[in-house]
Amino acid sequence: MNINQKKLLLHYSYLSLELEEVSEVCLSVEKEIRDCMEKKYPDYYKSKLNNKKTNNKKDKEEIKSINKIKNKDMKIIYRKIARKVHPDKESGNHDLFSKAAKAYSEQDIGKLLEVAAEVNIKISSLSDESVTILKENISYLDKQIKSKKNSTAWHWYHSDSEDKKEQILKHIFNHKGE
């Protein structure tokens, strides 16, 4: 890969880690928010929030819409990874193979390149189409991060006083229609 492609891959890797970190923070804080609401406002919590179900359909559709056509570079990289880490091989690695298979099915060339690097597969160069897909993967990660950083959980985590947390709870109440 040339320098610009390596920089894109590093950018992708950084954003992947950023999304992982932000997601972990939001997940842990969401439980804290629910516990606080249940303690301070038990009636409201029981009637409005306790049966909340999440819907990740939109996220899954967005992943599928990134690029529906598999590209040649991805196919080649995926096959090289499969030859090295397929679970049926003596030196196989189920986790890496699963990670590569998921990346391939989701058209996530960034994750596929990370797995390739992890198993010491050298990639000479990427086609323009592959670079475009990688840029779209980066854009998607960036969008996910911004969305999470705009969430109630993220604001709660960064609130520095009980008054701000109380304002966040009131915002949740208003948003839920009370």
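What you see is a predicted model, and the numbers here were worked out from it, not measured in a lab.

Two elements in contact, helix α1 (residues 3–40) and helix α7 (residues 128–149), have axes whose closest approach is 9 Å; the angle formed by their N-to-C orientations is 25°. Here α1 lies roughly parallel to α7, going by the angle between them. Crossing handedness for the pair α1 and α7: left-handed. From α1, Gln5, Leu8, Leu9, His11, Tyr12, Leu15, Ser16, Glu18, Leu19, Val22, Ser23 and Cys26 reach across to α7, where they touch Val131, Leu134, Lys135, Asn137, Ile138, Leu141, Asp142, Gln144, Ile145, Lys148 and Lys149. Of the residues that constitute the contact of α1 with α7, the class distribution is twelve nonpolar, six polar and five charged.

This part covers the nonpolar core. If you look at the biggest cluster of nonpolar residues, it comprises 31 residues, and the most contacted ones within it are Ile77, Ile81, Leu112 and Leu113. Elements represented by at least two residues in this core include exactly α1, α4 (72–85), α5 (94–105), α6 (109–118) and α7. Once residues within four sequence positions are removed from consideration, isoleucine 81 is found in contact with His86, Ala100, Leu112, Val115, Ala116 and Ile121. Of all hydrophobic cores here, the second largest spans 16 residues; its members include Val22, Val29, Ala153 and Phe173.

Attention now goes to α7. With 22 residues, α7 extends 31 Å from end C-alpha to end C-alpha; this agrees with the ideal 32 Å at 1.5 Å per step. Where α7 is concerned, the buried positions are Ser130, Val131, Ile133, Leu134, Asn137, Ile138, Tyr140, Leu141, Gln144 and Ile145.

This brings us to the packing of aromatic side chains. The relation between two aromatic rings is expressed through the spacing of the ring centres and the mutual angle of the planes. Counted under the stated rule, the structure contains three aromatic pairs. Between the aromatic rings of tyrosine 78 and phenylalanine 97, the centroid separation amounts to 6.2 Å while the plane-to-plane angle is 35°, which identifies the pairing as tilted. On the criterion of sequence distance, the pair formed by tyrosine 78 in helix α4 and phenylalanine 97 in helix α5 is long-range, its members being 19 residues apart. Phenylalanine 97 gets classed as buried once you look at its relative accessible area, which sits at 16%. Consider the rings of tyrosine 78 and tyrosine 104, whose centres lie 4.6 Å apart with planes at 10°: the pair is stacked. Residue tyrosine 78 is found in helix α4, and its partner tyrosine 104 is found in helix α5; the two are separated by 26 residues along the sequence.

Here we take up unusual backbone geometry. Although it is not a glycine, glutamine 107 adopts a positive phi angle of roughly 60°. Within the fold, glutamine 107 resides in the loop between α5 and α6. Residues other than glycine seldom take positive phi values, yet asparagine 120 does so here, at roughly 60°. Residue position: asparagine 120 is located in the loop between α6 and α7. The exposure class assigned to asparagine 120 is exposed, which follows from its relative accessible area of 63%.

Note that side chains of opposite charge can pair when their charged atoms are close. For the structure on display, the rule yields eight salt bridges. Among the salt bridges present, the one from glutamate 32 reaches lysine 165, with a minimum N-O distance of 3.6 Å. Of this pair, glutamate 32 sits in helix α1 while lysine 165 sits in helix α9 (residues 162–175), and the two are 133 residues apart along the sequence. For lysine 165, a relative accessible area of 16% corresponds to the buried category. Measuring nitrogen to oxygen at the nearest pair gives 3.2 Å for the salt bridge that ties lysine 146 to aspartate 142. Here lysine 146 and its partner aspartate 142 are both found in helix α7, four residues apart, which amounts to about one turn of the helix. The exposure class assigned to lysine 146 is exposed, which follows from its relative accessible area of 53%. Taking the relative accessible area as the measure of exposure, aspartate 142 reaches 29% and is therefore partly exposed.

Conventions we followed
- Residues numbered from 1 in each chain as written.
- Predicted model: local features only at pLDDT ≥ 70, side-chain atom pairs only at ≥ 80, totals over all residues.
- Heavy atoms only, no water.
- Axes fitted to C-alpha atoms, helices over the stretch in contact; angles between N-to-C directions.
- Helix = DSSP H or I, 4+ residues; strand = E, 2+ residues; numbered from the N terminus.
- Parallel < 35°, antiparallel > 145°, perpendicular 65-115°, else oblique.
- Left-handed = near helix turned anticlockwise from the far one by under 90°.
- Contact = heavy atoms within 4.5 Å.
- Nonpolar A, V, L, I, M, F, W, Y, C, P; charged D, E, K, R; others polar.
- Core = buried A, V, L, I, M, F, W, Y, C linked by side-chain atoms within 4.5 Å.
- Buried < 20%, exposed > 50% of the residue type's maximum accessible area, 1.4 Å probe, protein only.
- Expected span 1.5 Å × (residues − 1).
- Phe/Tyr/Trp six-rings, centres within 6.5 Å; stacked < 30°, edge-to-face > 60°.
- Salt bridge = Lys/Arg side-chain N within 4 Å of Asp/Glu carboxyl O.

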